[in-house]
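Single-letter residue listing:
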2 protein chains.
Amino acid sequence: MKEIIFDLIEQGKYAEARKEIINMNVVDIALLFEEIDKAKLLVMFRILPKKIASGVFTHMPYDLQRYVIESIADKEVKSILDQLFLDDTIDFLEEMPANVVKKVLKNTDDKTRELINRFLNYPEDSAGSIMTIEYVDLKKEMTVKQAIQHIKETGVDKETIDTCYVMDNNRILEGVISIRKLILNEDNVLIKDIMETGVKYINTKDDQEEIAHLFKKYDYLVMPVVDAERRLVGIVTIDDIVDVIDQENTEDFQKMAAMQPSEKEYLKTNALDLAKNRLPWLLILMISATFTGNIIKKFESALQSVMVLASFIPMIMDTGGNAGSQSSTLIIRGLALEEIRLKDVLKVLWKEIQVSCIVAITLTTVNFIRIYYLEKTELLISLTVCATLFFTIVLAKIVGGTLPIIAKKLKADPAIMAGPLITTVVDAVSLLLYFTIATKLLGI
Amino acid sequence: MKEIIFDLIEQGKYAEARKEIINMNVVDIALLFEEIDKAKLLVMFRILPKKIASGVFTHMPYDLQRYVIESIADKEVKSILDQLFLDDTIDFLEEMPANVVKKVLKNTDDKTRELINRFLNYPEDSAGSIMTIEYVDLKKEMTVKQAIQHIKETGVDKETIDTCYVMDNNRILEGVISIRKLILNEDNVLIKDIMETGVKYINTKDDQEEIAHLFKKYDYLVMPVVDAERRLVGIVTIDDIVDVIDQENTEDFQKMAAMQPSEKEYLKTNALDLAKNRLPWLLILMISATFTGNIIKKFESALQSVMVLASFIPMIMDTGGNAGSQSSTLIIRGLALEEIRLKDVLKVLWKEIQVSCIVAITLTTVNFIRIYYLEKTELLISLTVCATLFFTIVLAKIVGGTLPIIAKKLKADPAIMAGPLITTVVDAVSLLLYFTIATKLLGI
């Protein structure tokens, strides 16, 4: 199917291609357009029905959106914009260079331009920046019949008319009612008698991550957004929240792997920016690792007298790092999902002590069998290695389990207390432990 | 507020507490109930209106749900079940022991029991296991007026009546229409003239992760689920998808930190189970790390003659591990969000080569200044360390960037190719490199 349309366009059979395309989902059309020649894309884009064209536009990658806007006439820009939802317009404008923004603003009416400018001023990642202003507003004195009539008159462009908001004359939010409830009630019932009051709302400046938590906690599909004077200014819908969840998770993955978070897709980020995101933590951790190196230096003569000790260093370091990462990952994730709270720190500590003992005993036993019985390492050296391994695992799990909670208590991001940092901390302590036990036990 | 109700219940003033509670959100009531004495919880639970009680029940943790069902009479069980959505009943039954399941099934009618049994047989994480059967079904010969009448008669219990499904007499899905479109059309318009056809649907056996991708790709709020004969059997709604996304992300976090994935909350998992999830990979990685140890052993005499070389081992190992983790994390995440595809492997390789060169040159330079100029390490040793560091970083980023894609190509889970495994691989190679360069350059 896709190949057929592709060939039709390549051969310049635009009218035939159009016939097939208009039955496709706009998301799929946008994906198809990514692969065709740009000049041909423009032809196709122009001959599509307005509504489909703007739907396709919404789902195009930013570089193609930019190309389209830069290539088409002012009149055409206007016809696309007229069909777009305001929040989609904002999303795309936020990524455009000044000349494109200018061309777009030139082709919008005064009211829309004012709205766009207001939206572009909301802080990034705030409710204001992800909300939409297309919602249905009712008055509490309306009857069900009047309300439905009002929706019929104004509702065609509303993104979510499943939920209607009841406001007073100053646009202060008074209640909410679902379309479902409207049609399940008789025509002459008053809105104020069936609307739900005490509605939870969010503020334009609230952080999107907090909002995502509310949606998940209460299973909301939509939430109203109010300004500082409690006037209704927009709504946030769950499909925006799905994007927020992905975005926040990506940020956590990046932070936990010692990178500066970035919202930009990997393949669309240039090498220099990728390197910039990765360098700071690599530098910090590299320099921290020299502390560990200094511990080895300090015990150089002890190591020189029993050289075989050196060969166990990677195993101790890696196992400690891995054991700590496991714990910190679970705790960071638990905090992010609000399954673990600050007050649970002692519960976590106790659990990690138990888990670390089980894990440490198992790993130490396996290790002892391997190095003493199989590799015939000296008994005292085997004991040194195993004792270090045991305490390293217990320590790693305690540090990994508690540092993220402590970070959160100090209002820092728990995700920083992940594998890389925990590994560096545990490395230093475990080597110090190793050589201390070795010098005592082996008398070196 | 919460404290007041808490005190009222503690003092046994149940009627007064009830008055406050019935105005609260059921999610908040469930949270409150978690903290009160179990016997008192039962009293409160019994005096709440049926609808609220079952809403609260849905949001209780599994251990409390179990306690409630085990404590109340059969008649009360039935009255809760009557109010529950089937998918919520299934969710809770899946976590209950046999005696509770039996008590529940005893108190449901034949039809519901048959449905429950069918649902419990759907594979875990399949569309069947997350779908709900409460949806509105219309016929294409209906007029808008008849359709709305039909919804009024049957729609009160439907979880999502915002989208209605049009089926033929054999329950084969023919089209879909939103409530919004219904009320925006005139009474005598026929459903078949305004319904949307060619609707995308999913199969009961489809994997939930694939379904989540469809929801995100097409911005769906709900999708129909059909059986092998294409008969409509249920719908999946976006609030279930939000849970799926969180669950799949948690699994990735766990796998990437070298753990067996588990859906159970950290604080609700006992120490033995937590240890079981963590042990396999720790064991595998611990034993793999002995290869790295063997490399050190092999070069023992070289190391003994230039002992200072040992002190740089942690820095080289850690930096290599961190550099590799960064790359593999970005690629694994990109693959999970379908931003990176299998065919992009060469693009990723080229990008990682560029990034690794920028990163490696910077880190190597900083390191050279530190160890040669500041710590006055011998020039040849400094050069050995820096050359190793350079190649380790480049190698780590190439391995970290490509292994996840190769894993996916081999139908394995890319998330396994994360920090811990990459670190172990890079450790061994980097130490081999280190000692090879050292023996050549220092002539030891």
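Residues numbered from 1 in each chain as written. Chains lettered and ligands numbered in written order. Predicted model: local features only at pLDDT ≥ 70, side-chain atom pairs only at ≥ 80, totals over all residues.

## A closer look at the overall build of chain A
Worth spelling out the cut-off: A run of H or I in DSSP becomes a helix once it reaches four residues, and a run of E becomes a strand once it reaches two; helices and strands are each numbered from the N terminus. With C-alpha atoms as the basis for the radius of gyration, the globule rule is written as 2.2 Å multiplied by the number of residues raised to the power 0.38. Exposure classes come from backbone-placed C-beta atoms, where a residue is buried if 20 or more other C-beta atoms lie within 10 Å of its own, exposed if 12 or fewer do, and partly exposed in between. We call two residues in contact when their backbone-placed C-beta atoms lie within 7 Å.
Of regular secondary structure, chain A possesses 22 helices and 6 strands. Over its C-alpha trace chain A gives a radius of gyration of 30 Å, far above what one expects of a compact globule, namely 22 Å for 444 residues. Viewed in the frame of its principal axes, chain A has a C-alpha envelope of about 90 × 60 × 40 Å. Expressed as a percentage of the 444 residues in chain A, the buried residues total 42%. Residue pairs at least 24 apart in sequence account for 70% of intrachain contacts in chain A once pairs closer than 6 positions are excluded.

## Observations concerning the nonpolar core
Applied cut-off: Buried Ala, Val, Leu, Ile, Met, Phe, Trp, Tyr and Cys residues whose C-beta atoms connect them within 7 Å together make up a nonpolar core.
With 121 residues, the main nonpolar core has Ile393 and Ile422 of chain A together with Ile393 and Ile422 of chain B as its most contacted residues. Leaving out residues up to four positions away in the same chain, Ile422 of chain B has contacts with Gly324, Ser325, Ser328, Ala396, Val399, Gly400, Leu403 and Met417 of chain B. Counting residues in each nonpolar core, the second largest holds 70 residues, with Ala147 and Ile238 of chain A together with Ala147 and Leu232 of chain B among its members.

## Topic: the pairing of strand S5 (residues 222-226) of chain B
Residue and element names in this part refer to chain B. As a reminder, the rule being used: Should DSSP find at least two bridges between two strands, the strands are regarded as paired.
Most of S5 is tucked away: 4 of the 5 residues are buried. Bridge count between strand S4 (residues 202-203) and S5: 2 bridges; the pairing is parallel. Paired with Ile202 across the two strands is Val225, which belongs to S5. Sheet topology note: the S5/strand S6 (residues 232-237) ladder contains 5 bridges and is antiparallel. Paired with Val226 across the two strands is Leu232, which belongs to S6.

## So, the interface of chain A and chain B
The interface of chain A with chain B comprises 93 residues on the first partner and 92 residues on the second. Element by element, the count of residues in the side of chain A that touches chain B is highest for helix H17 (residues 271-298) of chain A, at 17 residues.

## A word on unusual backbone geometry
For Glu338 of chain A, which is not glycine, the phi dihedral falls at a positive 60 degrees. By the element assignment, Glu338 of chain A lies in the loop between helix H19 (313-336) and helix H20 (345-374).

## Considerations on the relation of the copies chain A and chain B
The following threshold applies: Alignment of the copies relies on least squares applied to C-alpha atoms, considering only residues that score at least 70 for pLDDT in both.
Rotating chain A by 180 degrees and moving it 0.1 Å along the rotation axis overlays it on chain B with an RMSD of 0.2 Å. Accordingly, the operation relating the two chain copies is best matched by a two-fold axis. Both copies share a contact surface, since 99% of the interface residues of chain A are interface residues in chain B too.

## So, the confidence of the model for chain A
In low-pLDDT regions, the fine details of the predicted coordinates are not to be read closely. Residues and elements named next belong to chain A. Basically, it comes down to this: Each residue gets a pLDDT score, which is the predictor's confidence in that residue and runs from 0 to 100.
In this model, chain A carries a mean pLDDT of 84, and residues with pLDDT of at least 70 account for 98%. Of all the helices and strands in chain A, helix H10 (residues 110-120) carries the lowest mean pLDDT, 79, while strand S4 (residues 202-203) carries the highest, 90. Among the prediction metrics, the complex's ipTM stands at 0.76, with pTM recorded as 0.77.

## Let's talk about the sheet that holds strand S1 (residues 136-138) of chain A
Residues and elements named next belong to chain A. Our working rule: Each axis is a line fitted through C-alpha atoms, taken for helices only over the stretch in contact, and angles between the N-to-C directions span 0 to 180 degrees.
The 3 strands lie next to each other as S1-S2-S3, forming an open sheet whose pairing is mixed. Every other strand in the sheet has two partners, leaving S1 and strand S3 (173-178) as the edge strands with one partner each. In this sheet, adjacent strand axes meet at a mean angle of 35 degrees when their direction is disregarded. Where strand S2 (residues 163-167) and S3 come together, 5 bridges link them in antiparallel fashion.

## Concerning the packing of helix H3 (residues 26-33) of chain A against helix H5 (residues 50-58) of chain A
All names here are of chain A. Stated precisely, the cut-off is as follows: The scheme is simple: roughly parallel for angles under 35 degrees, roughly antiparallel for over 145, roughly perpendicular for 65 to 115, oblique for anything else. Take the far helix as the reference: if the near one is turned anticlockwise from it by less than a right angle, the crossing is left-handed, and if turned clockwise, right-handed. When residues are grouped by polarity, Ala, Val, Leu, Ile, Met, Phe, Trp, Tyr, Cys and Pro land in nonpolar, Asp, Glu, Lys and Arg in charged, and all others, Gly among them, in polar.
Across the interface, H3 lies against H5 with an axial gap of 8 Å and an inter-helix angle of 65 degrees. With respect to each other, H3 and H5 are oriented roughly perpendicular. Where H3 crosses over H5, the two elements pack in a sense that is right-handed. From H3, Val26, Ile29, Ala30 and Phe33 reach across to H5, where they touch Ile52, Gly55 and Val56. Here the residues of the contact of H3 with H5 sort into 6 nonpolar, 1 polar and no charged.

## Structural notes on the sheet that holds S4 of chain B
All names here are of chain B. One open sheet accounts for 3 strands, arranged S4-S5-S6; its pairing is mixed. Here the strands that pair on one side only, and so sit at the sheet edges, are S4 and S6. Here helix H16 (residues 238-256) sits on the sheet in contact with S5 and S6, set at roughly 65 degrees to S6.

## With respect to the environment of Tyr67 of chain A
Residue and element names in this part refer to chain A. Tracing the backbone shows Tyr67 in helix H6 (residues 62-71). Owing to 16 C-beta atoms within 10 Å, Tyr67 belongs among the partly exposed residues under this scheme. Along the sequence, Tyr67 and Lys38 sit 29 residues apart, while their C-alpha atoms lie 8.5 Å from each other.

## Quick notes on the packing of helix H15 (residues 208-218) of chain B against H16 of chain B
Each pair of packed helices gets described by two things: the angle between the helix axes and the distance between those axes. Residues and elements named next belong to chain B. Taken N-terminus to C-terminus, the directions of H15 and H16 make an angle of 120 degrees; their axes are 9 Å apart at the nearest point. The orientation of H15 with respect to H16, classified from their angle, is oblique. Seen from above, H15 lies across H16 with left-handed handedness. For the pair H15 and H16, contact is made by Gln208, Glu209, Ile211, Ala212 and Phe215 and by Ile238, Ile241, Val244, Ile245 and Glu248, respectively. Broken down by class, the residue content of the contact of H15 with H16 amounts to 7 nonpolar, 1 polar and 2 charged.

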